[in-house]
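# Descriptive structure summary
Listed here are the chains, written in short residue letters.
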Amino acid sequence: MAMGVDQYTSSHVFDTTPDGGRISLQRNSDDSLGIAQIRTHMKLIQHSFEAGDFSAPSFVHNRNMPGTGVMARKRNAIEYSYEELPRGGAVVIKTKDPEALKAIADFLAAQRTDHHSPGMH
């Protein structure tokens, strides 16, 4: 419901990078409507996260996600950008703040675990 597409026919990847991380979501097949819905969803996630609003991940996981309290408090120290992917989109997360960096890593690790998804640690 939160993504607008079936998460089981889409692929999530949660990468931790030296300066933050990257959340990507792509359809597993050529599905123009699903791809458009993913792109809209990822743009909304970018804007929500920029505002310190992590209600979508809390809704999906039915709990407050690790790291989001710090990410909300440190939102001015974190940069979020959107990237279009062939079958979806990605939100790139960057920071130079050590506390925010750890929170981002904790958040992405929890996402990988809950979604049984791949990603660089």
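Predicted model only: the values in this text are computed from it and were never measured.

Quick notes on the rules
Residues numbered from 1 in each chain as written. Predicted model: local features only at pLDDT ≥ 70, side-chain atom pairs only at ≥ 80, totals over all residues. Heavy atoms only, no water. Helix = DSSP H or I, 4+ residues; strand = E, 2+ residues; numbered from the N terminus. Expected span 1.5 Å × (residues − 1). Buried < 20%, exposed > 50% of the residue type's maximum accessible area, 1.4 Å probe, protein only. Pairing = 2+ DSSP bridges. Core = buried A, V, L, I, M, F, W, Y, C linked by side-chain atoms within 4.5 Å. Contact = heavy atoms within 4.5 Å. Phe/Tyr/Trp six-rings, centres within 6.5 Å; stacked < 30°, edge-to-face > 60°.

Right, let's talk about helix H1 (residues 32–50) for a bit. Across its 19 residues, H1 extends 27 Å between first and last C-alpha, which sits within 8% of the 27 Å expected from 1.5 Å per residue. Immediately downstream of H1, the backbone of Gly52 shows phi near 80 degrees, a positive value.

A few words now on the pairing of strand S2 (residues 20–27). Of all 8 residues in S2, 6 are buried; the element is thus mostly enclosed. Bridging between strand S1 (residues 10–17) and S2 involves 8 bridges; their strand directions are antiparallel. Across the sheet, the residue bridging to Val13 is Ser24, located in S2. What sits between S1 and S2 in their antiparallel hairpin is a turn of 2 residues.

Membership of the largest hydrophobic core comes to 22 residues, with the highest contact counts inside it found for Ile23, Met71 and Tyr80. With near-sequence residues (within four places) excluded, Ile23 lies in contact with His12, Val13, Phe14, Met42, Phe49, Gly89, Ala90, Val91, Ile93, Phe107 and Leu108.

Attention shifts here to the packing of aromatic side chains. If you walk through the whole model with that rule in mind, you get 4 aromatic pairs. An angle of 70 degrees between the planes, with centres 5.8 Å apart, marks the rings of Phe49 and Tyr80 as edge-to-face. On the criterion of sequence distance, the pair formed by Phe49 in helix H1 and Tyr80 in strand S3 (residues 78–85) is long-range, its members being 31 residues apart. Each member of the pair, Phe49 as well as Tyr80, is classed as buried. Relative to Phe107, the ring of Phe49 has its centre 5.8 Å away and its plane inclined at 80 degrees; by these criteria the two rings are edge-to-face. Of this pair, Phe49 sits in helix H1 while Phe107 sits in helix H4 (residues 98–115), and the two are 58 residues apart along the sequence. According to the relative accessible area criterion, Phe49 is buried, its value standing at 2%. Chaining the aromatic ring pairs together yields one cluster made of Phe49, Phe54, Tyr80 and Phe107.

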